[in-house]
Amino acid sequence: MRDQRLWTWQIAAGGLVLLLLGAHMTVMHLDALVGAFNPAGGRPIDWANVVARGRTVTFFVGYVLLLGAALVHGLIGLRGILLELGPPADLGRALNGLLLVAGAGLFVLGTWAAWASFLLSRGS
Amino acid sequence: MATTEVVLRIRRFDPSSGGPPRWEDVPVSLAPGMTVLDALRWIKEGPSPTLTWRSSCRMGVCGSCGMFINGRPRLACNTQMADLHSTIVSVAPLPDFPIIRDLVPDLARMFDSHAALAPYLIRGDREEQERPTREYRQTPEEMERYLQFSYCIKCGCCLSACPTYATDPAYSGPMPLAQAQRYNADGRDGGFAARAAVLAGSRGPWRCHYAGECSRVCPKGVDPARAIQLLRRDLVLGALGLRRLRRPAPVVEAPRETRRRPDIPEAPTPSVTRV
């Protein structure tokens, strides 16, 4: 049951990554068309533009969703690759736990960074 | 100029000797239409009488003579020596299976996986299945949904070409999964839930990387890679409650008003009658 559930989550997360990564690429590389996301002018990676985007709820939510989806998609994929090496059952269970903890930790860290950026830009 | 003599490089293994597998080179004179199986038979009747392999029908139907010929899983009986365009033809047992002797692989894992996925019609009317009185209704369109998967002869070529089957001892492999899809897609079957309970775990199609080698090497033109993708779709939709539920096809009277086309000869009298 777990294999089917994980595969379904991985595919769903992959779809979300595709969508959000597409939005990210659009903002980063098609700034001539979507200049509204870069209100300070100049390049999309200029500090002023990054801060301007980071203070909006839409981008904050988008960052957290992208982070979560990328972690789910990537770590389930990594788990599949590692389990194909045929580890003993105990090591496989330990691997599941390790990946779960690593994923949760990275998600908390990334969410905190996005939240701090959101608050920082609000305060500036 | 066509090659008239080739060397058959055969993987030999005798478990009673205690030694590792070895290669044996045997020169073979090509004859018109000679298959790899013909060459093996010639060798067994001549220079290497102890050479062992598994074969039966000699016409690509029984699936017994799957071998690793020139680095590719093939049926020895429908591989023409001339088509290999090689002066040295290597013949080894199918990879990723234990070797019993010489070219004979132990296919127990394949058949165990196959049996675990219930490759038969699952219905409530057991009596009707065992002693049919009428027919199960099925349209040609319904038959098309599984027909190509039913051409599988269980030769094991797809499994020995599958990179996931080679590394993952729990993975069922292309043939058993394609057969699970074959029965799931059959309108006469009602065993989707029973199979899904097994397929949702590590025996299921989830670790397929879609390398596609199973479909490439299949000697019968079956497309197990497609079956696996269809199986995944159906299982996920089923788990989400989005798969259209259907009852197994009902039993109906056999058509009575059929007439034989005049250009089709009448069937001969059955040589075997039911007791």
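Check the entry above for the structure.
Anyway, here's the lowdown on the structure attached to this text. (Residues numbered from 1 in each chain as written. Chains lettered and ligands numbered in written order. Predicted model: local features only at pLDDT ≥ 70, side-chain atom pairs only at ≥ 80, totals over all residues. Heavy atoms only, no water.)

Concerning the layout of surface pockets
Residues and elements named next belong to chain A.
Part 1 of the argument: Considering only enclosed or pocket space, the largest pocket measures out at about 390 Å³ in volume.
Part 2 of the argument: Going through the elements one at a time, α1 (2-29), α3 (57-83) and α4 (89-123) are the ones with two or more residues in the lining of the largest pocket.
Part 3 of the argument: Partitioned by chemical class, the residues of the lining of the largest pocket number ten nonpolar, three polar and two charged. (1 Å grid on protein atoms, 1.4 Å probe; cavity = no way out; pocket = protein on both sides within 12 Å on 5 of 7 lines; lining within 4 Å. Points joined across faces, edges and corners; volume = space filled by probe spheres on them. Helix = DSSP H or I, 4+ residues; strand = E, 2+ residues; numbered from the N terminus. Nonpolar A, V, L, I, M, F, W, Y, C, P; charged D, E, K, R; others polar.)

A look at the sheet that holds strand β1 (residues 5-12) of chain B
Residue and element names in this part refer to chain B.
Part 1 of the argument: The strand order across the open sheet formed by five strands is β2-β1-β5-β3-β4, and the pairing between neighbours is mixed. Where the open sheet ends on each side, the last strands, each with one partner, are β2 (22-29) and β4 (72-75). Here the average twist between neighbouring strands, direction ignored, is 35°.
Part 2 of the argument: With four bridges joining them, β1 and strand β5 (residues 88-92) adopt parallel strand pairing. What sits directly across from V7, in β5, is I88.
Part 3 of the argument: The strands that helix α1 (residues 36-45) touches are β1, β2, β3 (66-69) and β5; relative to β2, the one it contacts most, it runs at about 100°. (Pairing = 2+ DSSP bridges. Axes fitted to C-alpha atoms, helices over the stretch in contact; angles between N-to-C directions. Contact = heavy atoms within 4.5 Å.)

Here's the deal with the pattern of salt bridges
Part 1 of the argument: Evaluation of the coordinates by the stated rule reveals 20 salt bridges over all chains.
Part 2 of the argument: R93 of chain A serves as the salt-bridge partner of D90 of chain A, at 2.5 Å between the closest nitrogen and oxygen. One end of the pair, D90 of chain A, and the other, R93 of chain A, are both in helix α4, three residues apart, so they sit about a helical turn from each other.
Part 3 of the argument: Residue R93 of chain A is classed as exposed on the basis of its relative accessible area, which comes to 54%.
Part 4 of the argument: R216 of chain B is the salt-bridge partner of E213 of chain B, the closest N and O atoms lying 2.8 Å from each other. Residue E213 of chain B and its partner R216 of chain B are both found in helix α9 (residues 213-217); the two are separated by three residues, about one turn of the helix. (Salt bridge = Lys/Arg side-chain N within 4 Å of Asp/Glu carboxyl O. Buried < 20%, exposed > 50% of the residue type's maximum accessible area, 1.4 Å probe, protein only.)

Regarding a nonpolar patch on the surface
Residue and element names in this part refer to chain A.
Part 1 of the argument: A surface patch of nonpolar side chains, about 420 Å² in accessible area, is lined by L16, L19, V57, V61 and L65.
Part 2 of the argument: Contributions of two or more residues to the nonpolar patch are made by α1 and α3.
Part 3 of the argument: Top contributing element to the nonpolar patch by residue count: α3, with three residues.
Part 4 of the argument: Looking at the secondary structure, you find V57 in helix α3. (Patch = residues over 30% accessible without salt bridge, like charges linked within 9 Å, V, L, I, M, F, W, Y side chains within 5 Å. Areas by Shrake-Rupley, 256 points an atom, 1.4 Å probe, with all protein chains shown as cover.)

Notes on the packing of helix α8 (residues 192-199) of chain B against helix α10 (residues 224-239) of chain B
Residue and element names in this part refer to chain B.
Part 1 of the argument: Following both chains from N to C, one finds α8 and α10 inclined at 100°, their axes separated by 11 Å at the closest point. Here α8 is positioned roughly perpendicular relative to α10, judged by the angle of their axes. Across from F192, A196 and L199 in α8, the residues of α10 making contact are L231, D234, L235 and G238.
Part 2 of the argument: Among the residues forming the contact of α8 with α10, the class breakdown is five nonpolar, one polar and one charged. (Parallel < 35°, antiparallel > 145°, perpendicular 65-115°, else oblique.)

Side note on the interface of chain A and chain B
Part 1 of the argument: Every contact between the two is made by eight residues of chain A and, on the other side, 13 residues of chain B.
Part 2 of the argument: On the chain A side of the contact with chain B, Q4, W7 and E84 of chain A bury the most area, a combined 59% of that side's loss.
Part 3 of the argument: The tally of links from chain A across to chain B stands at one salt bridge.
Part 4 of the argument: Notably, a salt bridge pairs R207 of chain B with D3 of chain A, separated by 3.3 Å at the nearest N-O pair.
Part 5 of the argument: For the pair chain A and chain B, the number of links is four residue pairs in polar contact (both at pLDDT 80 or more).
Part 6 of the argument: Per-element accounting of the side of chain A that touches chain B gives the leading share, five residues, to α1 of chain A.
Part 7 of the argument: Each residue belonging to the side of chain A that touches chain B can be placed in one class, and the counts come to three nonpolar, two polar and three charged. (Buried area = accessible area lost by both parts, 1.4 Å probe. Polar contact = N/O pair within 3.5 Å; in protein donor to acceptor, adjacent residues only side chain to side chain.)

Regarding the environment of P27 of chain B
All names here are of chain B.
Part 1 of the argument: In this fold, P27 is placed in strand β2.
Part 2 of the argument: Assessed through its relative accessible area of 45%, P27 is described here as partly exposed.
Part 3 of the argument: Spatially, the C-alpha atom of P27 lies 32 Å from that of C162, the residues being 135 residues apart in sequence.

Focus: the side chain of E84 of chain A
Part 1 of the argument: For E84 of chain A, the position within the fold is in the loop between α3 and α4.
Part 2 of the argument: The buried charged residue E84 of chain A lacks any salt bridge, with R207 of chain B as its nearest oppositely charged partner at 5.6 Å.
Part 3 of the argument: Residue contacts for E84 of chain A: discarding those within four places in its chain leaves T164, T167, D168, R207 and H209 of chain B. (Lys, Arg positive; Asp, Glu negative; His and termini not counted.)

Remarks on the nonpolar core
Part 1 of the argument: Counting 61 residues, the largest nonpolar core has L8, L40 and M67 of chain B as the members making the most contacts within it.
Part 2 of the argument: For this core, the element with the highest residue contribution is α10 of chain B, accounting for seven residues.
Part 3 of the argument: With residues near it in sequence (within four places) discarded, L8 of chain B still touches E24, D25, V26, V28, A39, L40, I43, M81, V89 and V91 of chain B.
Part 4 of the argument: Judged by nonpolar contacts, the second largest core, of five residues, contains L75, L83, L95 and L99 of chain A. (Core = buried A, V, L, I, M, F, W, Y, C linked by side-chain atoms within 4.5 Å.)

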